[in-house]
Amino acid sequence: MSASGGTKAIVAALAANLAIAVAKFVAFLFSGSSSMLAESVHSVADSGNQGLLLLGGKKAQREATPQHPFGYGRERYIYAFLVSIVLFTVGGMFAIYEGYEKIHEPHPIEAWYWPVGVLVFAIIAESFSFRTAIKESNEIRGTLSWTQFVRRAKAPELPVVLLEDLGALVGLVLALGGVGLALLTGNGVWDGIGTLCIGVLLIAIAIVLAAETKSLLLGEAAGVEEVEKIKAAVVDGDVVTRVIHMRTLHLGPEELLVAAKIAVEGNDTATEVADAINAAEARIREAVPIARVIYLEPDIYRPEAAK
């Protein structure tokens, strides 16, 4: 996985979630809080998700084969999609089920200092993990807003970790609120309500992740800036006079396929056209280094056929 894959952020999130999951489960055993049980399952699911992201990054580095001539770059998209499914089923659905059960059969929270102490510790640990994800994202986000970054990023790992960490922090606040209200009122229903809110939150985040990674799996084109750079690099003003039409496709976060029909003059020789194509490919790779697979088809420009 490249540096832009956010490996540091993934490892930081994995370490934080493993420690938090153990602490939350211990707190549940001592207190009987359903919010703590839901949060412990949430942290276990998040830890599994980070493991999936690391595995996907490793598998994506495999060399191309005759059966998969364009390589395995999309493995990262597949594993990111699996993350959204795990977050939905293991995290969200379990929390909703546990919250429903606690509302129908409420019981007081015992040893309140365990869940409160663990939740405060978890908020601190998740904040450090979230800070790492923000720092790594800022290095490649540029002028994009956070919403634009999540929607446009071609490497799925950082958006996934960002949304997971954000969801974890909000979930911890909800859990703390549910436990606090249950302690103040003596009514365990509030603990169940907090658990339900955590489940709804996790499902909402899972839906967003699924929608974004589905788009990447289907195949997204290069960004507008990259497309313009490629078009400018193709035309030399001598042999290649214009781009008739062009298609781009991400084979992976750091691998782009470029296919274009380019206009040449009718009196150019085959050698001149071949040399011009080779030169254009070199210019494209210099302008957009992730353009790894390039196919340029020469043609005589006809306005009616330029579609």
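Residues numbered from 1 in each chain as written. Predicted model: local features only at pLDDT ≥ 70, side-chain atom pairs only at ≥ 80, totals over all residues. Heavy atoms only, no water.

On a regular strand, one side chain projects to one face of the sheet and the next to the other, so that they alternate. Relative to strand 3 (residues 291–299), strand 2 (residues 255–264) runs parallel, the two sharing 8 bridges. Residue Lys-261 lies in a different strand from strand 3, and its bridge partner there is Glu-297. (Pairing = 2+ DSSP bridges. Helix = DSSP H or I, 4+ residues; strand = E, 2+ residues; numbered from the N terminus.)

Bringing empty space enclosed by the protein into the picture now. In this structure the tally under the stated criterion is 1 cavity of 30 Å³ or more. There is about 100 Å³ of room inside the largest cavity. If you list the elements that add at least two residues to the lining of the largest cavity, you get helix 5 (146–152), helix 6 (157–185) and helix 7 (189–218). By residue number, the principal contributor to the lining of the largest cavity is helix 7, which donates 5 residues. Classifying every residue of the lining of the largest cavity by side-chain character gives 10 nonpolar, 1 polar and 2 charged. (1 Å grid on protein atoms, 1.4 Å probe; cavity = no way out; pocket = protein on both sides within 12 Å on 5 of 7 lines; lining within 4 Å. Points joined across faces, edges and corners; volume = space filled by probe spheres on them. Nonpolar A, V, L, I, M, F, W, Y, C, P; charged D, E, K, R; others polar.)

What follows concerns a nonpolar patch on the surface. Together, Phe-25, Leu-29, Phe-30, Trp-112, Tyr-113, Trp-114 and Leu-183 make up an exposed nonpolar region whose accessible area comes to about 750 Å². The element contributing the most residues to the nonpolar patch is helix 1 (residues 7–31), with 3 residues. Turning to its location among the elements, Leu-183 is positioned in helix 6. (Patch = residues over 30% accessible without salt bridge, like charges linked within 9 Å, V, L, I, M, F, W, Y side chains within 5 Å. Areas by Shrake-Rupley, 256 points an atom, 1.4 Å probe, with all protein chains shown as cover. Salt bridge = Lys/Arg side-chain N within 4 Å of Asp/Glu carboxyl O.)

Here we come to the sheet that holds strand 2. Taken together, 3 strands build an open sheet; the order of strands is 1-2-3 and the sheet is mixed. The open sheet terminates on both sides in strands that have one partner only, identified here as strand 1 (240–252) and strand 3. Averaged over all neighbouring strand pairs, the angle between strand axes comes to 15°, with direction disregarded. With 10 bridges joining them, strand 1 and strand 2 adopt antiparallel strand pairing. Counted as the bridge partner of Leu-249 is Leu-257 from strand 2. (Axes fitted to C-alpha atoms, helices over the stretch in contact; angles between N-to-C directions.)

The next thing to look at is the environment of Leu-172. Mapped onto the elements, Leu-172 comes out in helix 6. When the C-alpha atoms of Leu-172 and Ala-122 are compared, they prove to be 7.5 Å apart, with 50 residues separating the residues in sequence. Residues in contact with Leu-172, not counting those within four places in the same chain, are Lys-24, Glu-39, Leu-119, Ala-122, Ile-123 and Glu-126. (Contact = heavy atoms within 4.5 Å.)

Applying the stated criterion to the full structure yields 4 aromatic pairs. With 4.5 Å between their ring centres and 10° between their planes, Phe-30 and Trp-114 make a pair best called stacked. Highlighted residues: Phe-30 in helix 1 and Trp-114 in helix 4 (residues 113–141), separated in sequence by 84 residues. Trp-114 sits in the partly exposed class, given a relative accessible area of 31%. A centroid spacing of 6.2 Å and a plane angle of 90° characterise the contact between Trp-146 and Phe-149, whose relative ring orientation is edge-to-face. In this pair, Trp-146 and Phe-149 are both assigned in helix 5, 3 residues apart and thus about one turn of the helix distant. The ring of Tyr-72 carries the charged tip of Arg-62 above its face, separated from the ring centre by 3.9 Å. In this arrangement the basic side chain of Arg-141 is found over the ring face of Trp-146, its NZ or CZ atom lying 4.0 Å from the centre. (Phe/Tyr/Trp six-rings, centres within 6.5 Å; stacked < 30°, edge-to-face > 60°. Buried < 20%, exposed > 50% of the residue type's maximum accessible area, 1.4 Å probe, protein only. Lys NZ or Arg CZ within 6 Å of the ring centre and 35° of its normal.)

Purely spatial values, then, with no claim about function.
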